[in-house]
Amino acid sequence: MEWAGKRVFVTGGAGFIGSHLSAQLLSLGAHVTVIDDLSAGDMERVPNGVSIIEGCITDSASLSNGMQGCDAIFHLAAIASVPLCEADPAWSDKVNLQASLEIISTANCPVIFASSAAIYGEPVEIPITENHPITPVGYYGHQKAAIDATICSLGSQSTPASALRFFNVYGAGQDPSSQYSGVLSIFIERASTGGHITIFGDGEQTRDFIHVSDVVQALLLVGSSLLDDGVSSPAHASAFNICTGSPVTLNEVVEVISSQVGREVTVAYEDGRDGDIKHSSGDSTKLQSTFDWRPETSLTDGLSSLISQSN
Ligand code: NAD
Ligand code: UD1
């Protein structure tokens, strides 16, 4: 994988996944520029050596400033919270949909887009393959699905592009401060500080948690293939699930966390969240058979490392 000397533009690079990706690109010798409006990001997360544009992707001038002369674009900026998109669909339409379309239509280099398992909606078949029906619920899912579909329908005259459908990503640096943060970051923060965990519903819902380092590896492999082979890459105009294929229930997660912190963690059960999906479990065979990718970090190891960092 040859990233040394490449000029890479990362939208949402001050966010959870974007900052991990930027750090990895930097360590591989790439020249990295990040754009972030800091609505959910934190410049403290961005490693030294990365160029920063503090701006909004809906602002064409800021966007073209970052895209100018770059070799690849990782497009991760989004209003990543489902409830925030529901609260302001007009704004999330501008950010998640229209700005994404602008990036794809004006890019002169490969674009790797952060899609989401949310585009599948309530699954009709488990595990979810890329051929599962696209039946998103809510604005966030519909906006992600529209960009994902645009990429999948690109032809050979377009810019090379690919959509990676992330399942539930977790890892260091995921902000636990909001009730809508990723569930594992909230659970670990509560367990480590002696607070109680709240489970919405009966805790028997399943999620396919994928460690951020495996997500970054998938982004780099797909980006690398688009860089090398352009529209002839098997990743062009294609979408890939990024998941482990090993779902767990929230009750099981609490058991693992309890055993790792060395005491019983108190759990309060509350009503399920509106629009919550019961089961989510992906199949990443397509990515595994197209590229040499395997999820490397088990949930037990990932949780253990997060718990030791939070102590
Ligand atoms: P995040 O909120 O930590 O990162 C998104 C970043 O985009 C933030 O730093 C935010 O400030 C920035 N941003 C938002 N609106 C912007 C705008 N208008 N202009 C410029 N910057 C803007 O979220 P994340 O978990 O790192 O997610 C990254 C991407 O992956 C998102 O597109 C998200 O939808 C997608 N995704 C994440 C998950 C997950 O489990 N974390 C799952 C599926 C898909
Ligand atoms: C997540 C992503 C979303 C992505 C989708 C892909 C986050 C914050 N959201 O949504 O961007 O598109 O996966 O499939 O990463 N829960 C509790 N207690 C809590 C917090 C949550 O029980 O304190 C429950 C929720 O009700 C839900 C599960 O945990 O059943 C997971 O919630 P969450 O981490 O918010 O992720 P998703 O809703 O799956």
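Within every chain, residues take consecutive numbers counted from 1 along the sequence as written. Chains carry letters from A onward and ligands carry numbers from 1 onward, assigned in written order. Local features in this predicted model are restricted to residues whose pLDDT is 70 or higher, and side-chain atom pairs enter the listing and the counts only when it is 80 or higher, whereas totals over whole chains, interfaces and linings include all residues. Only hydrogens and water are set aside when side-chain values are computed; all heavy atoms of the structure are taken into account.

**Q** Describe the overall build of the protein chain, and please don't skip the residues or the numbers.
**A** Put simply, DSSP marks the helices as runs of H or I at least four residues long and the strands as runs of E at least two long, and each gets a number from the N terminus on. Looking only at helices and strands, the protein chain has 10 helices and 13 strands in total. When we talk radius of gyration, it's over C-alpha atoms, and the globule rule is simply 2.2 Å times the number of residues to the 0.38. For 311 residues, the compact-globule formula gives about 19 Å, and the C-alpha radius of gyration of the protein chain, at 19 Å, lands near that figure. Taken along its principal axes, the extent of the C-alpha atoms in the protein chain is 55 × 40 × 40 Å. Residues classed as buried in the protein chain amount to 49% of the 311 residues present. For each residue, the accessible area found with a 1.4 Å probe, counting protein chains only, is set against the maximum for its type, and the residue is called buried under 20%, exposed over 50%, and partly exposed in between.

**Q** An account of helix H7 (residues 212-229) is requested, with residue identities and associated values reported.
**A** The periodicity of an α-helix, 3.6 residues per turn, causes residues three or four places apart in sequence to face the same way. For H7, which comprises 18 residues, the first-to-last C-alpha distance of 26 Å matches the rise-based estimate of 26 Å (1.5 Å per residue) to within 8%. H7 sits mainly inside the fold: 13 of its 18 residues count as buried. Looking one or two residues past H7, Gly 230 carries a phi angle of roughly 55°, positive in sign. Expected span of a helix, by definition, is 1.5 Å for each gap between consecutive residues, and there is one gap fewer than residues.

**Q** Describe the packing of helix H4 (residues 89-106) against helix H5 (residues 138-152), listing the residues and the values that go with them.
**A** Two numbers describe a pair of packed helices, the interaxial angle and the distance between the axes. In this analysis an axis means a line fitted to C-alpha atoms, helices contributing only their contacting stretch, and an angle means the value between N-to-C directions, from 0 to 180 degrees. Their axes nearest at 10 Å, the elements H4 and H5 cross at an angle of 10°. One way to sum up the angle between H4 and H5 is to call them roughly parallel. Along the contact surface, H4 presents Pro 89, Ser 92, Asp 93, Asn 96, Leu 97, Ser 100, Leu 101 and Ile 104, while H5 presents Tyr 139, Tyr 140, Gln 143, Ala 146, Ile 147, Thr 150 and Ile 151. Here the residues of the contact of H4 with H5 are counted per class, giving 9 nonpolar, 5 polar and 1 charged. In these notes the angle categories are as follows: under 35 degrees is roughly parallel, over 145 is roughly antiparallel, 65 to 115 is roughly perpendicular, and the rest is oblique. Residue contacts are counted whenever heavy atoms from the two residues lie within 4.5 Å of one another. Under the scheme applied here, ten amino acids are nonpolar (Ala, Val, Leu, Ile, Met, Phe, Trp, Tyr, Cys and Pro), four are charged (Asp, Glu, Lys and Arg), and all others, including Gly, are polar.

**Q** Tell me about the site of ligand 2, and please be specific about residues and values.
**A** Taken together, 21 residues surround ligand 2, and among them Ser 116, Val 183, Thr 198, Arg 207 and Asp 276 come closest. Between ligand 2 and Arg 273 there is a distance of 3.3 Å, counted from an oxygen atom to a side-chain nitrogen or oxygen. In the complex, the protein chains occlude 86% of the 730 Å² of accessible area that ligand 2 would expose alone. Secondary structure elements with two or more residues in the shell around ligand 2: helix H6 (183-192) and strand S8 (197-200). No fewer than three residues from each of domain 1 (7-169 + 209-242) and domain 2 (172-207 + 245-310) sit in the shell around ligand 2. Residue proximity to a molecule or strand is established when one non-hydrogen atom of the residue lies within 4 Å of it. Any pair of N or O atoms that falls within 3.5 Å is considered a polar contact. Within protein, one atom must be able to donate a hydrogen and the other to accept it, and sequence-neighbouring residues count only if both atoms are side-chain atoms. Only the protein chains shown count as covering a residue, and every accessible area follows the Shrake-Rupley method with a 1.4 Å probe. The domain limits used here are those given by an automatic or database domain assignment.

**Q** Would you mind going over the packing of aromatic side chains in detail, with residue names and values included?
**A** Two rings from Phe, Tyr or Trp (for Trp, the six-membered ring) form a pair when their centres sit within 6.5 Å of each other. Planes less than 30 degrees apart are called stacked, planes more than 60 degrees apart edge-to-face, and all others tilted. Here the structure, examined in full by the defined rule, presents 4 aromatic pairs. Judged by centre distance (6.3 Å) and plane angle (35°), the rings of Tyr 120 and Phe 167 are tilted. Here the residue Tyr 120 occupies a position in the loop between strand S5 (111-116) and H5, and Phe 167 occupies one in the loop between strand S6 (161-166) and strand S7 (168-170), the gap between them amounting to 47 residues. With respect to burial, Tyr 120 and Phe 167 carry one shared label: buried. Between Tyr 170 and Phe 209, the aromatic rings sit 6.4 Å apart at their centres with planes inclined by 90°, giving edge-to-face as the arrangement. Separated by 39 residues along the polypeptide, Tyr 170 in strand S7 and Phe 209 in strand S10 (residues 209-211) bring together distant segments of the chain. Note on geometry: a ring has a charge over it if NZ (lysine) or CZ (arginine) is within 6 Å of the ring centre and within 35 degrees of the ring normal. The ring centre of Phe 240 lies 4.7 Å from the NZ or CZ of Lys 286, which sits over that ring.

**Q** Outline the site of ligand 1, supporting the account with residue identities and numerical values.
**A** Close to ligand 1 lie 28 residues; Ile 17, Asp 36, Leu 76, Tyr 140 and Lys 144 are nearest. Within the backbone of Ile 17, a nitrogen or oxygen atom sits 2.9 Å from an oxygen atom of ligand 1. The backbone of Gly 41 places a nitrogen or oxygen atom 2.9 Å from an oxygen atom of ligand 1. For the shell around ligand 1, the elements supplying multiple residues, two or more each, are helix H1 (16-27), S5, H5 and S7. The dominant element in the shell around ligand 1, judged by the number of residues it contributes, is S5, at 3 residues. Split by residue class, the shell around ligand 1 holds 17 nonpolar, 8 polar and 3 charged.

**Q** Lay out the packing of helix H8 (residues 250-261) against helix H10 (residues 299-310) in plain terms, naming residues and giving numbers.
**A** Two numbers describe how H8 lies on H10: the axes approach to 10 Å, and their chain directions differ by 50°. Relative to H10, the element H8 lies oblique. The two elements H8 and H10 cross, and the hand of that crossing is right-handed. For the pair H8 and H10, contact is made by Val 253, Val 256, Ile 257, Gln 260 and Val 261 and by Leu 299, Thr 300, Leu 303, Ser 304 and Ile 307, respectively. Among the residues forming the contact of H8 with H10, the class breakdown is 7 nonpolar, 3 polar and no charged. In this scheme the handedness of a crossing depends on how the near helix is turned from the far one: anticlockwise by less than a right angle means left-handed, clockwise means right-handed.

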